[in-house]
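Residue strings, one per chain:
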Amino acid sequence: MNTAMDELEDQQLDTIHKTIIFENVALAFEDLVVLDGISFELKRGETKIVLGIAGSGKSTILKLCLGLIKPDAGRIYVLGHDITRMSENELFVLRSHLGIVFQESALFDSLTVRENVAFRLVEEHLPEDEIEQRVREALSFVEMEDAIDKFPAELSGGMRRRVGIARAIITHPEVLLYDSPTGGLDPITSTTIIELIMKQRDVSKTSALLVSHRLQDGFMLAGHYYDPVTNRMEPVDGRPMRDVHTSFMVLREGKVIFDGTAQQLGEVPDPYIREYIS
Amino acid sequence: MELTSPADFAKRSVLAVQEYTLLSVQAVTNIFRRPRYVADFLQQADLIGVGSLPIVAMAGGFTGLVIALNYSPTLERFGSLTLTGQLVSLSMVRELGPVITSLMMAGRNATGMASELGSMRVTEQIDAMRALGTDPTKKLMTPRVVATVFMLFFLTIISDLVGLIGGWLYSFAVLRLDTYQYWNSAYQTLTYNDVITGLIKPVFFGFIIATVGCYYGMTTTGGTQGVGRSTTQAMVTSSVLILAVDAVLAQLLLILR
């Protein structure tokens, strides 16, 4: 009976306009409650910035989206699939439609930049010529073509992050997950990384979930757009037709305490949020 | 340091055995599922097999030499010095060849696997692999397990042979034994059961070395300190398991004789 109800519920889900749906998701590690019944949706083409202090469960959300960990309760739908009911082998297939940029890049340190970026394509047994072409395209997107034969240990933190982005976007995923992409970087490099994320958002219209504790990254994404003519970001101010499809979500002690636009975030009366954004 | 209650310790131990068993079963069943990582297997076979050849040959050679050196006075006392070849041959082929080779491999490869996979684990590379849609047990563990079992089998044969050469060197140079007599005695004494016993053991030992090394690597937590801990545990556990399984196999194979 439950299964029939679940299937009916799945059929009613709007997976055309929503790429990720969290429904009352809860997770605890022994006595530590990480997520306490959170619900949210990521629309197609939307970039959602997940904010919160360290330990508020931000990175856990990304791991849940990929099915790397399973929730204790609740449902998670990714591209129309209830991943809480999928086996690891089924998840491997679904994950090929997602891309993730890890906090510390998580590049394979015994492989070159070329091999790292090409990893997924090699696994799919694509022809070598096509792999080479797509690797160069992805590296050119993040302006890292010169480092193609280098090993991750030879790259700076910002360069590793850019290679991580290239590895994530090479298969043109439907959803991109960024785990603190600017964490530990200097302000100039952080801006470069945000510019790349913006470029991906505005050029490919990919849905994205971006976890960060840096408020300025979120506001930069919400307040700017990528101009392909000048190849740089421009402020949205005074351009009413320009919708950057960027929203914010704030977590506190495993609960969602805000989910809305940048403007709504600026106007919210909650003292915790006011203190957080001040 | 926090004290662990006996109940917690027991629970953790049972959980570890369960995880190890599941991971080992998965590594074996992966052999029959696509994709198969042939290039990774060949790379591991080269690293594990060819890379271990010098230390395995040296260990085997010195072991054979030491057997001849230690037991020749006793054999001489009974006027049976001509049996040196027989003694070296039986000791090496049935017991010391497989065990010494496996212990050397555990020191070199179980630790290597635990530290390599452990470093990948703590730097999120294993998670990245899963996130990229690749099964780490298939890509990382199965090629290592198959390569270790496969290569240890042949390394043991090489070790046995070099051990016999070591024993002959001592017999010829120090004991002044006849070369033909040594090799004839060494060859004639071996039965099928001795050879099969000596070749079955490395299959089990290879499986233990690779699965224990990979298990500790894949379950590493606690940063670089955790990697060091996993490496030590992999060495200790695989060595103890090799000796324990050797005792069980020796008894079983004697019964089946």
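Residues numbered from 1 in each chain as written. Chains lettered and ligands numbered in written order. Predicted model: local features only at pLDDT ≥ 70, side-chain atom pairs only at ≥ 80, totals over all residues. Heavy atoms only, no water.

**Quick look at the overall build of chain B**
Scanning chain B from N- to C-terminus turns up 8 helices and 0 strands. Reading the secondary structure of chain B in the N-to-C direction produces α-α-α-α-α-α-α-α. Its C-alpha atoms put chain B at 65 × 45 × 35 Å along the principal axes. In chain B, buried positions account for 46% of the 257 residues. Sequence separation of 24 or more characterises 85% of the internal contacts of chain B that already satisfy a separation of 6 or more. Carbon and sulfur atoms make up 70% of the accessible area of chain B, which amounts to about 12800 Å² in all. When the 17 positive and 15 negative side-chain charges of chain B are each reduced to one mean point, those points stand 4 Å apart. (Helix = DSSP H or I, 4+ residues; strand = E, 2+ residues; numbered from the N terminus. Buried < 20%, exposed > 50% of the residue type's maximum accessible area, 1.4 Å probe, protein only. Contact = heavy atoms within 4.5 Å. Areas by Shrake-Rupley, 256 points an atom, 1.4 Å probe, with all protein chains shown as cover. Lys, Arg positive; Asp, Glu negative; His and termini not counted. Charge placed at Lys NZ, Arg CZ, Asp CG, Glu CD.)

**Looking at the overall build of chain A**
Per the secondary structure count, chain A includes 10 helices and 12 strands. Against the 2.2 N^0.38 benchmark of 19 Å for 278 residues, chain A shows a C-alpha radius of gyration of 19 Å, consistent with a compact globule. Considered along the principal axes of its C-alpha atoms, chain A spans approximately 55 × 45 × 40 Å. When each of the 278 residues of chain A is scored for burial, the buried share is 53%. Long-range pairs, those at least 24 residues apart, make up 62% of the contacts in chain A with a sequence separation of at least 6. A total accessible area of about 13100 Å² is found for chain A, and carbon and sulfur atoms account for 52% of it. Computing the positive centroid from 29 side-chain charges and the negative centroid from 45, chain A places the two 3 Å apart. (Rg over C-alpha atoms; globule rule 2.2 N^0.38 Å.)

**Some remarks on the side chain of Thr142 of chain B**
Residue and element names in this part refer to chain B. Note that Thr142 resides in helix α5 (residues 136-173). For Thr142, a relative accessible area of 8% corresponds to the buried category. Not counting chain neighbours up to four residues away, the residues in contact with Thr142 comprise Ala27, Asn30, Ile31 and Thr137.

**Description of the pattern of salt bridges**
For side chains bearing opposite charge, pairing can occur when the charged atoms are close. Under the defined criterion, the tally for this structure stands at 25 salt bridges over all chains. With a shortest N-O distance of 2.8 Å, Asp202 of chain A and Arg201 of chain A are connected by a salt bridge. Both residues of the pair, Asp202 of chain A and Arg201 of chain A, count as buried. The residue Glu116 of chain B makes a salt bridge to Arg144 of chain B at a minimum N-O spacing of 3.0 Å. (Salt bridge = Lys/Arg side-chain N within 4 Å of Asp/Glu carboxyl O.)

**Observations concerning the packing of helix α3 (residues 84-122) of chain B against α5 of chain B**
Residue and element names in this part refer to chain B. Contact pair α3 / α5: the axes reach a minimum separation of 7 Å and the direction vectors enclose 145°. Relative to α5, the crossing made by α3 is right-handed. Here the residues of the contact of α3 with α5 are counted per class, giving 12 nonpolar, 11 polar and 3 charged. (Axes fitted to C-alpha atoms, helices over the stretch in contact; angles between N-to-C directions. Left-handed = near helix turned anticlockwise from the far one by under 90°. Nonpolar A, V, L, I, M, F, W, Y, C, P; charged D, E, K, R; others polar.)

**Quick look at the side chain of Thr101 of chain B**
With respect to the element layout, Thr101 of chain B can be found in helix α3. Taking relative accessible area as the criterion, Thr101 of chain B reaches 1% and is therefore assigned buried.

**Some remarks on the interface of chain A and chain B**
Often, the extent of an interface is quoted as the loss of accessible area on bringing the components together. Contacts between chain A and chain B engage 20 residues on the former and 17 residues on the latter. Buried surface at the junction of chain A and chain B, both sides included, amounts to about 1700 Å², of which 55% is carbon and sulfur. Between Arg130 of chain B and Glu88 of chain A there is a salt bridge, with the nearest N and O atoms lying 3.0 Å from each other. Where chain A meets chain B, there are 8 residue pairs in polar contact (both at pLDDT 80 or more). Among the secondary structure elements, those contributing two or more residues to the side of chain A that touches chain B are α3 (88-95) and α4 (113-123) of chain A. Of all the elements, α3 of chain A adds the most residues to the side of chain A that touches chain B, at 4 residues. (Buried area = accessible area lost by both parts, 1.4 Å probe. Polar contact = N/O pair within 3.5 Å; in protein donor to acceptor, adjacent residues only side chain to side chain.)

**Digging into the nonpolar core**
Counting 71 residues, the largest nonpolar core has Ile20, Phe22, Ile61, Leu177 and Leu209 of chain A as its most contacted members. Ranked by the residues each element gives to this core, the list is headed by helix α7 (residues 192-218) of chain B, at 9 residues. Setting aside its immediate chain neighbours within four residues, Leu209 of chain A contacts Ile20, Phe40, Leu42, Lys48, Val50, Ile61, Leu62, Cys65, Leu176, Leu177 and Tyr178 of chain A. (Core = buried A, V, L, I, M, F, W, Y, C linked by side-chain atoms within 4.5 Å.)

**Let's talk about the sheet that holds strand β5 (residues 81-82) of chain A**
Residue and element names in this part refer to chain A. Pairing is antiparallel in the open sheet, where 4 strands are placed in the order β2-β1-β4-β5. Looking at the sheet topology across the chains shown, the edges are occupied by β2 (32-43) and β5. Across 2 bridges, the pairing between strand β4 (residues 73-78) and β5 is antiparallel. The residue bridging Val78 from the neighbouring strand is His81, located in β5. (Pairing = 2+ DSSP bridges.)

**A word on the environment of Asp178 of chain B**
Tracing the backbone shows Asp178 of chain B in the loop between α5 and α6 (179-189). Residues Asp178 of chain B and Trp168 of chain B, 10 residues apart in the sequence, show an inter-C-alpha distance of 9.3 Å.

**Topic: the pairing of strand β9 (residues 224-227) of chain A**
All names here are of chain A. Direction of pairing for β9 relative to strand β10 (residues 232-235): antiparallel, over a ladder of 4 bridges. Across the sheet, the residue bridging to His224 is Pro235, located in β10. The hairpin formed by β9 and β10 contains 4 residues between the paired strands, and Asn231 there has a positive phi angle of roughly 55°.

**Quick word on a nonpolar patch on the surface**
A contiguous nonpolar patch, built from Tyr192, Ile196, Ile200, Val203 and Phe204 of chain B and spanning about 500 Å² of accessible area, is present on the exposed surface. Structurally, Phe204 of chain B can be placed in helix α7. (Patch = residues over 30% accessible without salt bridge, like charges linked within 9 Å, V, L, I, M, F, W, Y side chains within 5 Å.)

By themselves, these are just geometric observations and shouldn't be taken as functional.
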